[in-house]
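So you can see what is in the structure, the chains are spelled out below.
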Amino acid sequence: MRRFAPWLCAGLALLAAGAMAERAWRGVRPQIPEIGRKELEPTLGQGVLLGILGGLRTVVADLTWIRSYVLWERRDRAGCEALMRAACALDPHSRYFWENTGYAVGFDLAHWEIRRRGGYAKVPAETQERLFKSYARRGIDILEEGRRHAKTTTPLVLCAAQLAEIKLKDHRLAASYYQTAAEAPDAPWYAARICAQTLWEDGRREEAYRWLRQYWTTRMLPKEDGFPDDLQRLRTMEEVLRVRPELRIPHQAWER
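All values reported here derive from a predicted model rather than from experimental measurement. Positions within a chain are numbered from 1, following the residues in the order the chain's sequence is written. Where local features are concerned, this predicted model is filtered to residues with pLDDT of at least 70; where side-chain atom pairs are given and counted, the filter is 80 or more; whole-chain, interface and lining totals use all residues. With hydrogens and water stripped out, all remaining heavy atoms of the structure feed into the side-chain values.

## Details of the overall build of the protein chain
Then step 1. Counting its secondary structure elements, the protein chain contains twelve helices and zero strands.
Then step 2. Strands are runs of DSSP state E lasting at least two residues, helices are runs of H or I lasting at least four, and both sets are numbered from the N terminus onward. Each helix and strand of the protein chain, placed in order from N terminus to C terminus, yields the pattern α-α-α-α-α-α-α-α-α-α-α-α.
Then step 3. Within the protein chain, the proportion of its 256 residues that are buried is 39%.
Then step 4. Should any heavy atoms of two residues lie within 4.5 Å, those residues are counted as being in contact. Of the contacts formed within the protein chain by residues at least 6 apart in sequence, a portion of 59% connects residues at least 24 apart.
Then step 5. Under the convention used here, a 1.4 Å probe and the Shrake-Rupley method define accessible areas, while residue burial counts only the protein chains that appear. Carbon together with sulfur atoms contributes 55% to the accessible area of the protein chain, which is approximately 15,500 Å² in total. For the exposure calls, accessible area comes from a 1.4 Å probe over protein chains only, and a residue counts as buried if that area is under 20% of its type's maximum, exposed if over 50%, partly exposed in between.

Written out as structure tokens, the structure reads:
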């Protein structure tokens, strides 16, 4: 009997673990969006379906994502996007999947399409520009979808801002995204400066100065170093806008 005791204990432990996993999955399942046929069609197969039925969505998502990188290396436009979107559908809380899918679609796929059509020398410049903007909008749509599901969204907003600025050349939209990122609790230090710069380049100079001044006063000045580079940028704005001396930001003790 003693020889079988370890096996009996192991069996009971496995049964308990399975019951706990099933109970946990029932609790999490209602919070995960449904996966439609369109998202899963490129990867439908016995392994994927078993993974979904067994509650192993994140594992299958990782494997799907790895496969998408193989197609990315091959510059397989349709296959790469389909697998990346499938990974997002399988693990919708993953910021990494949404961010990199939006980035790949928005920045990479237009170049692959141009090469497929014969290369930059053969494709007219206006067609290239149209493709860049079309894929950029698709990338932004993906990032917006990710914002509704991912647990961390600020990196998605920054990626959307870059697409709007670099590919769409829409400074107003880019500034809106940068502002959203800058005002987030986990905002990176550079978001506010780029937001003000984008507003400035869009011709909204006074708005850029007012916004960055408010942001620097409330969120940067209280920090340990006071963000002197951003204050210097504000000083330059004050000079260009010819702000009256008495209305400028008071001189700081640590300024030269």
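## Side note on the packing of helix α6 (residues 95–116) against helix α7 (residues 125–147)
Then step 1. Only the stretch in contact is used when fitting a helix axis, every axis being a line fitted to C-alpha atoms; angles between N-to-C directions are given from 0 to 180 degrees. Where α6 contacts α7, the axes come no closer than 8 Å and their chain directions differ by 165°. Between α6 and α7, the crossing angle belongs to the class labelled roughly antiparallel. In the packing of α6 onto α7, the handedness of the crossing is right-handed. For the pair α6 and α7, contact is made by Trp98, Glu99, Thr101, Gly102, Val105, Gly106, Leu109, Ala110, His111, Glu113 and Ile114 and by Gln128, Leu131, Phe132, Tyr135, Ala136, Arg138, Gly139, Ile142, Leu143, Glu145 and Gly146, respectively.
Then step 2. When residues are grouped by polarity, Ala, Val, Leu, Ile, Met, Phe, Trp, Tyr, Cys and Pro land in nonpolar, Asp, Glu, Lys and Arg in charged, and all others, Gly among them, in polar. Its residues assigned to classes, the contact of α6 with α7 shows eleven nonpolar, seven polar and four charged. Each angle gets one of four labels, with under 35 degrees taken as roughly parallel, over 145 as roughly antiparallel, 65 to 115 as roughly perpendicular, and the rest as oblique. Crossing handedness follows the turn of the near helix against the far one: under a right angle anticlockwise gives a left-handed crossing, and clockwise gives a right-handed one.

## Looking at the nonpolar core
Nonpolar side chains tend toward joint burial in soluble globular proteins.
Then step 1. Ile140, Ala192, Trp211, Leu212, Trp216, Leu234 and Met237 are the most contacted members of the largest nonpolar core, which has 62 residues in total.
Then step 2. Ranked by residues supplied to this core, first place goes to α6 with nine residues.
Then step 3. Look past the residues within four positions of Trp216 in its chain and what remains in contact with it is Leu221, Pro222, Gly226, Phe227, Asp230, Leu231, Leu234, Ile249, Gln252 and Trp254. What makes a nonpolar core is a set of buried Ala, Val, Leu, Ile, Met, Phe, Trp, Tyr and Cys residues whose side-chain atoms join them at distances within 4.5 Å.

## Observations concerning the packing of helix α10 (residues 191–201) against helix α12 (residues 228–241)
Then step 1. Closest axis-to-axis distance for the α10/α12 pair is 11 Å, and the angle between their directions is 20°. As far as their axial angle goes, α12 and α10 are roughly parallel. Between α10 and α12 lies a crossing whose hand is left-handed. Only Asp229, Asp230, Arg233, Met237, Val240 and Leu241 of α12 make contact with α10, whose side of the interface consists of Arg193, Ala196 and Trp200.

## Thoughts on the confidence of the model for the protein chain
Then step 1. Confidence scores labelled pLDDT are given residue by residue by the predictor and lie between 0 and 100. Looking at the protein chain, pLDDT values average 83 and 78% of them are 70 or higher.
Then step 2. Residue range residues 31–37 is modelled with pLDDT below 50. Its contacts to residues more than four positions away, or to other chains, number 13 contacts.
Then step 3. Predicted confidence for residues 39–46 stays below pLDDT 50, and this span has 13 contacts to residues more than four positions away or in other chains.

## Focus: the packing of aromatic side chains
Then step 1. Pairing of aromatic side chains here covers Phe, Tyr and the six-membered ring of Trp, requires ring centres within 6.5 Å, and sorts the geometry by plane angle: under 30 degrees stacked, over 60 edge-to-face, intermediate tilted. Per the stated rule, a full pass over the model turns up nine aromatic pairs.
Then step 2. Relative to Trp112, the ring of Trp72 lies with its centre 6.4 Å away and its plane at 65°, an arrangement referred to as edge-to-face. Here Trp112 lies in helix α6 and Trp72 lies in helix α4 (residues 57–73), a separation of 40 residues in the sequence.
Then step 3. Given the relative accessible area of 26%, Trp72 is considered partly exposed.
Then step 4. Relative to Tyr215, the ring of Trp211 lies with its centre 5.1 Å away and its plane at 25°, an arrangement referred to as stacked. You can see Trp211 and its partner Tyr215 sitting in helix α11 (residues 205–220), four residues apart, about one turn around the helix. Just as Trp211 is buried, Tyr215 falls in that class too.

## Section: the side chain of Thr198
Then step 1. By the secondary structure assignment, Thr198 is in helix α10.
Then step 2. Any pair of nitrogen or oxygen atoms within 3.5 Å is treated as a polar contact; in protein, a donor-acceptor pairing is required on top of that, and neighbouring residues in sequence qualify only through side-chain atoms on both sides. In terms of polar contacts, Thr198 uses its side chain to reach the backbone carbonyl oxygen of Ile194, at 2.7 Å.
Then step 3. Dropping the residues within four chain positions of it, Thr198 is found in contact with Glu165, His171, Ala174, Ala175 and Tyr178.

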